[in-house]
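Report on the structure
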Amino acid sequence: MTLLADLLSSIFDRRYRTFLPGSSDNRPMEELTAALLGASGEVSGSTIARIILDRYETAEEDEKLSFFRHLAEDMAVSPQDLRAALETYEKGQTKTSYETLVRAAEPRRQELIRRLNQVPDATRSLVAMRADLLRFSKEDDALQALNVDFGHLFASWFNRGFLVLRPINWESPANILEKIIEYEAVHAIDSWDDLRRRLQPADRRCFAFFHPTMPDEPLIFVEVALTKGVPSSIQGLLSEEREHIEAEDANTAVFYSISNCQKGLAGISFGNSLIKQVAADLSLELPGLKTFVTLSPIPGFRNWIDKNELGPLPDDPKQLKALAAHYLIAAKRRNGLPLDPVARFHLGNGAQVYQVHADADLSDKGQQQSAGVMVNYLYNLSKVSQNHERFATSHEIAASSDIKSLSAAAEKTLNRSPTDGQPAL
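Structural notes, computed from the coordinates. In this text, all values refer to a predicted model and were calculated from it rather than measured experimentally.

Secondary structure summary: the protein contains 19 helices and eight strands in total. Its C-alpha atoms put the protein at 85 × 55 × 45 Å along the principal axes. Out of the 425 residues in the protein, the part that is buried amounts to 45%. A fraction of 71% describes how many contacts in the protein between residues 6 or more apart in sequence connect residues 24 or more apart. A total of about 22,000 Å² of accessible surface is found on the protein, and carbon and sulfur atoms cover 50% of it. Between the mean site of the 47 positive side-chain charges and the mean site of the 58 negative ones, the protein shows a separation of 5 Å.

Bringing unusual backbone geometry into the picture now. Not every positive phi belongs to a glycine, and Glu-309 is a case in point at roughly 50 degrees. One can find Glu-309 in the loop between helix H14 (301-307) and helix H15 (317-330). The exposure class assigned to Glu-309 is exposed, which follows from its relative accessible area of 68%. Positive phi, close to 55 degrees, is recorded for Ala-371, a residue that is not glycine. Mapped onto the elements of the fold, Ala-371 is located in the loop between helix H17 (364-370) and strand E8 (374-378).

So, about the packing of aromatic side chains. The tally for this structure, following the rule as stated, stands at 13 aromatic pairs. Pairing Trp-170 with Trp-192 gives two aromatic rings, centres 6.3 Å apart and planes at 70 degrees, and the pair type is edge-to-face. With Trp-170 in the loop between strand E1 (164-167) and helix H10 (174-183) and Trp-192 in helix H11 (residues 192-199), this residue pair connects regions lying 22 residues apart in the sequence. In textbook terms, an aromatic cluster arises when at least three aromatic residues are bridged by ring pairs, as seen for Tyr-56, Phe-67, Phe-68 and Phe-136. Sitting over the face of the ring of Phe-136, Arg-135 holds its NZ or CZ atom 5.0 Å from the ring centroid. Sitting over the ring of Phe-210, Arg-166 keeps its end group 3.7 Å from the ring centre.

Here the focus is the nonpolar core. Residues Phe-158, Phe-301, Leu-328 and Val-353 are the most contacted members of the largest nonpolar core, which totals 93 residues. Once residues within four sequence positions are removed from consideration, Phe-301 is found in contact with Leu-320, Leu-323, Ala-324, Tyr-327, Asp-340, Gln-369, Ser-370, Ala-371 and Val-373. By size, the runner-up hydrophobic cluster in this structure holds 13 residues, among which are Tyr-183, Ile-189, Leu-195 and Leu-199.

As for its position among the elements, Arg-205 is in strand E2 (residues 204-210). Residue classification places Arg-205 among the buried residues on the basis of a relative accessible area of 17%. Here the side chain of Arg-205 touches Glu-285 through a polar contact of 2.8 Å, side chain to side chain. Arg-205 has contacts with Val-222, Glu-223, Val-224, Leu-226, Ala-247, Leu-282, Glu-285 and Leu-286, leaving out every residue within four places of it along the chain.

The rules behind each value
- Residues numbered from 1 in each chain as written.
- Predicted model: local features only at pLDDT ≥ 70, side-chain atom pairs only at ≥ 80, totals over all residues.
- Heavy atoms only, no water.
- Helix = DSSP H or I, 4+ residues; strand = E, 2+ residues; numbered from the N terminus.
- Buried < 20%, exposed > 50% of the residue type's maximum accessible area, 1.4 Å probe, protein only.
- Contact = heavy atoms within 4.5 Å.
- Areas by Shrake-Rupley, 256 points an atom, 1.4 Å probe, with all protein chains shown as cover.
- Lys, Arg positive; Asp, Glu negative; His and termini not counted.
- Charge placed at Lys NZ, Arg CZ, Asp CG, Glu CD.
- Phe/Tyr/Trp six-rings, centres within 6.5 Å; stacked < 30°, edge-to-face > 60°.
- Lys NZ or Arg CZ within 6 Å of the ring centre and 35° of its normal.
- Core = buried A, V, L, I, M, F, W, Y, C linked by side-chain atoms within 4.5 Å.
- Polar contact = N/O pair within 3.5 Å; in protein donor to acceptor, adjacent residues only side chain to side chain.

Structure follows, in structure tokens:
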């Protein structure tokens, strides 16, 4: 057995020594990608994939861009092959004609990405690779098409069936806690003490989605406060001096921060599943919870005021709230969706615009983006599916009667003529 093992090892070394990790393979990336697509053996394919990923990781910016251009231009769909395959398929829909059509319609770079993903920790590397691609592709049609292929594959690899929901608490591993601090995108975590105040008390929760191939990298996480009643201020919610309660005494779960962690997974939807799963789990754990809301920023509000020349901010908090309510349900993009990105996210999930609060975020960021106004989106678990369907099919926005009344009051004011001393849209 020893002689046989030595013989096999010798054959392997001679045949694949060029591709062994750590060996000097100076072939251009174009040759390596062709070799990977042509590899028939699992060992040789994995070895070449590892070399490509390692080479990319240490590449300079211009080298990365050159690699993406190779994938975008040299491995795109061939119109000639596609037309020929379609003509054959139209003549007779057989197994062979269908397989030929599918192969012609799929760019070779998709198969390349799949083969790159066959080595350990490759998924993490490919997510980082797409983060680079997103930077390069902002105004480049060919690279944007390549990004579509990455997104198509990632949507399958990171679908809900593969995701694992894990609670994050003060006893979680330090490397996970460090990433919660790093990735917090809504309300910055200033210190370990600040993090402890968000995780350790009985009336606080945090949950994150993980993928089996990236067990130490959260994909998205949500911070939850368990309260009595609906909160109206983020500073009050996070204050050191706030009154702590037992979890069993809470009647409201507040999703006050939702942060995506991986830039390379932009456009892959996790938030919808995360909120609904957390709400369902908390309902089972704490039957006393009756209300599920967010306390969310309104990041486009101040820019909308300035762009429409609506004048100085109203001194009256009620007028400011009315203006915010009107922005949330009446300010639209050309496609009919809400102008505000956070509103699009929560309304797309089936939530309802519930309440708005002035002086709710006193931070510099809150003042600059939202004029200090925050909004509660209500997740009524019995109505989220209905709200989602109406929003998806007709862009109908679910809103409370208070929000509708405030918006109507703002619209009446904004439509007055300039001689009345009020701005007009």
